[in-house]
Amino acid sequence: MQIGVIGLGRMGANISRRLMRAGHSTVVWDANPAAVQGLGADGATGATGLADLVGKLSGSPRAVWVMLPHGKITDDTIAQLTGLLGKGDIIIDGGNTYYKDDVRRGKELAAKGLRYLDVGTSGGVWGLERGYCLMIGGDKDAVDHLDPIFKALAPGIGTIERTGNRENHDQRAEHGYIHAGPVGAGHFVKMIHNGIEYGMMQAMAEGFDILQGRASAKLPADERFDLNMADIAEVWRRGSVVTSWLLDLTSAALAKDDKLSSFSGVVEDSGEGRWTVEAAIEEAVPAEVLAASLFVRFRSRQDHTFAEKILSAMRFGFGGHVEAPTKG
């Protein structure tokens, strides 16, 4: 299949590359001409702007994947695409858009005869090789039409042990992608995924902070332990209950520098954690862990511990997120 890809940052460029590896063709555009040229060298068709990109898409319906930061830049890009695409064409937002914005946007596009899919995309900078976990919201016909695209981007079954008793469930889930529901459902599921991620990361960070603090001179001499953080992280990767990709990233960071001296401990939040807490409030669902993990990130910008360095190391590992410098 052919698809347009707008936004060639850390994830957009690799989405295009992974699709091309699977035999699909991509027409790409980014505000940075060097990014377009780079994808062109890999086999993509470069475009000079949105109109040029749409003009180079053939067949019907045409599909355009927008991979930009949530907010005005995505809204403006989709508004421009609306005037360039025709009835039945499909616009995909693969970024981390607020699901309520998806609901609004889906109605606006439907009124103009366009179809809209919101795709929660997890995989970060590793997606090219590992594949992307996709949570899709929107019209079933549009989702089914683009199934070859989603299947190519998803990880596939791989080596993960298959879950029993799934014969009557959607088989796409074990391949790494699902049709979560109507417009907005994809990004809502991804939002909660990221909220859970906050809590998991915080628990791991606090645990390592306690381990490191056991050498404190404030403790009785016979109860002090000078523990090896890198070795503990590594042994936990081997058969323990807390084995996870987040632990893999933590172990790699600690093996490189067990003091994590290149991280200040300033931990940003990209929005999904806040929206998850807002959703919990709307639904009157207690979410103590998720809320606390969000507030810790706020506090990290004023005062930081080793736990926040662990958080920063994990965020850099899975998403290439570079923390803000310490404010003097």
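Rules used throughout
Residues numbered from 1 in each chain as written. Predicted model: local features only at pLDDT ≥ 70, side-chain atom pairs only at ≥ 80, totals over all residues. Heavy atoms only, no water. Buried < 20%, exposed > 50% of the residue type's maximum accessible area, 1.4 Å probe, protein only. Helix = DSSP H or I, 4+ residues; strand = E, 2+ residues; numbered from the N terminus. Pairing = 2+ DSSP bridges. Expected span 1.5 Å × (residues − 1). Contact = heavy atoms within 4.5 Å. Polar contact = N/O pair within 3.5 Å; in protein donor to acceptor, adjacent residues only side chain to side chain. Axes fitted to C-alpha atoms, helices over the stretch in contact; angles between N-to-C directions. Left-handed = near helix turned anticlockwise from the far one by under 90°. Nonpolar A, V, L, I, M, F, W, Y, C, P; charged D, E, K, R; others polar. Salt bridge = Lys/Arg side-chain N within 4 Å of Asp/Glu carboxyl O. Lys, Arg positive; Asp, Glu negative; His and termini not counted. 1 Å grid on protein atoms, 1.4 Å probe; cavity = no way out; pocket = protein on both sides within 12 Å on 5 of 7 lines; lining within 4 Å. Points joined across faces, edges and corners; volume = space filled by probe spheres on them. Core = buried A, V, L, I, M, F, W, Y, C linked by side-chain atoms within 4.5 Å.

1. Overview of the pairing of strand S7 (residues 133–137)
Step number 1: Of all five residues making up S7, four are buried, and the element is well covered by its neighbours.
Step number 2: Here five bridges tie strand S6 (residues 115–122) to S7, and the two strands are oriented antiparallel to one another. Note on S7: the bridge partner recorded for Val119 is Ile136.

2. Thoughts on helix H14 (residues 306–319)
Residues three or four positions apart in an α-helix share a direction because the helix packs 3.6 residues into each turn.
Step number 1: With 14 residues, H14 should reach 20 Å at 1.5 Å per residue; the first-to-last C-alpha distance of 20 Å fits that figure.
Step number 2: The element H14 is extensively covered by neighbouring structure, given that twelve of its 14 residues are classed as buried.
Step number 3: Taken residue by residue, H14 has Phe306, Ala307, Glu308, Ile310, Leu311, Ser312, Ala313, Met314, Arg315, Gly317, Phe318 and Gly319 as its buried positions.
Step number 4: In this fold, the buried residues of H14 make contact with helix H9 (185–213), helix H10 (229–236), helix H11 (245–256) and helix H13 (288–300).
Step number 5: Looking at where H14 begins, the residue whose side-chain oxygen comes 3.2 Å from the main-chain nitrogen of Ala307 is Thr305.
Step number 6: Directly after H14, the chain includes Gly320, whose backbone phi takes a positive value near 70 degrees.

3. Focus: the packing of helix H12 (residues 272–283) against H13
Step number 1: At a minimum axis distance of 10 Å, the contact between H12 and H13 shows a crossing angle of 140 degrees. The two elements H12 and H13 meet at a crossing, and its hand is left-handed. For the pair formed by H12 and H13, the contact residues are Gly273, Arg274, Thr276 and Val277 on the first element and Leu290, Ala291, Leu294 and Phe298 on the second.
Step number 2: Residue composition of the contact of H12 with H13, grouped by class: five nonpolar, two polar and one charged.

4. A look at the pattern of salt bridges
Step number 1: According to the stated counting rule, one finds 24 salt bridges in the structure shown.
Step number 2: The partner of Arg172 in a salt bridge is Asp144, with the nearest N and O atoms 3.9 Å apart. Taken together, the residues Arg172 in the loop between helix H8 (147–153) and strand S8 (177–181) and Asp144 in helix H7 (residues 140–145) connect sequence positions 28 residues apart.

5. As for the sheet that holds S6
Step number 1: Judged by pairing direction, the sheet is mixed, and its eight strands sit side by side in the order S3-S2-S1-S4-S5-S6-S7-S8 without closing on themselves. The sheet is open, and its two edges are formed by strand S3 (45–46) and S8, each paired on a single side.
Step number 2: For strand S2 (residues 25–29) and S3, the ladder comprises two bridges, and the chain directions are parallel. Residue pairing in the sheet places Val27 in a bridge with Thr45 of S3.
Step number 3: With respect to the sheet, helix H4 (residues 72–82) is in contact with strand S1 (2–6), strand S4 (63–66), strand S5 (90–93) and S6, its orientation differing from that of S4 by roughly 170 degrees.

6. Comments concerning the side chain of Glu272
Step number 1: In this structure, Glu272 sits in helix H12.
Step number 2: Among buried Asp, Glu, Lys and Arg side chains, Glu272 stands out as unpaired, with Lys190 the closest opposite charge at 4.7 Å.
Step number 3: Sequence-distant contacts of Glu272, that is, excluding residues within four places in its chain, are made with Asn96, Met191 and Asn194.

7. Examining the layout of surface pockets
Step number 1: Of the pockets and cavities examined, the second largest pocket occupies roughly 370 Å³.
Step number 2: As for the second largest pocket, its lining consists of 16 residues, of which Ala253, Lys256, Phe263, Ala313 and Phe316 are closest to the centre.
Step number 3: For the lining of the second largest pocket, the element with the highest residue contribution is H11, accounting for six residues.
Step number 4: For the lining of the second largest pocket, a count of residues per class yields nine nonpolar, three polar and four charged.

8. A few points about the nonpolar core
Step number 1: Core analysis: the biggest nonpolar cluster contains 31 residues, and Trp65, Leu134 and Phe150 have the highest contact counts within it.
Step number 2: By size, the runner-up hydrophobic cluster in this structure holds 24 residues, among which are Ile232, Leu254, Val267 and Phe306.

9. Considerations on empty space enclosed by the protein
Step number 1: Overall, the coordinates contain one cavity of 30 Å³ or more when judged by the stated rule.
Step number 2: Space inside the largest cavity adds up to approximately 40 Å³.
Step number 3: Every residue along the wall of the largest cavity is listed here: Gly95, Asn96, Thr97, His187, Lys190, Met191, Glu272 and Trp275.
Step number 4: At the level of secondary structure, the elements contributing two or more residues to the lining of the largest cavity comprise H9 and H12.

Function cannot be inferred from these measures alone, as they are strictly geometric.
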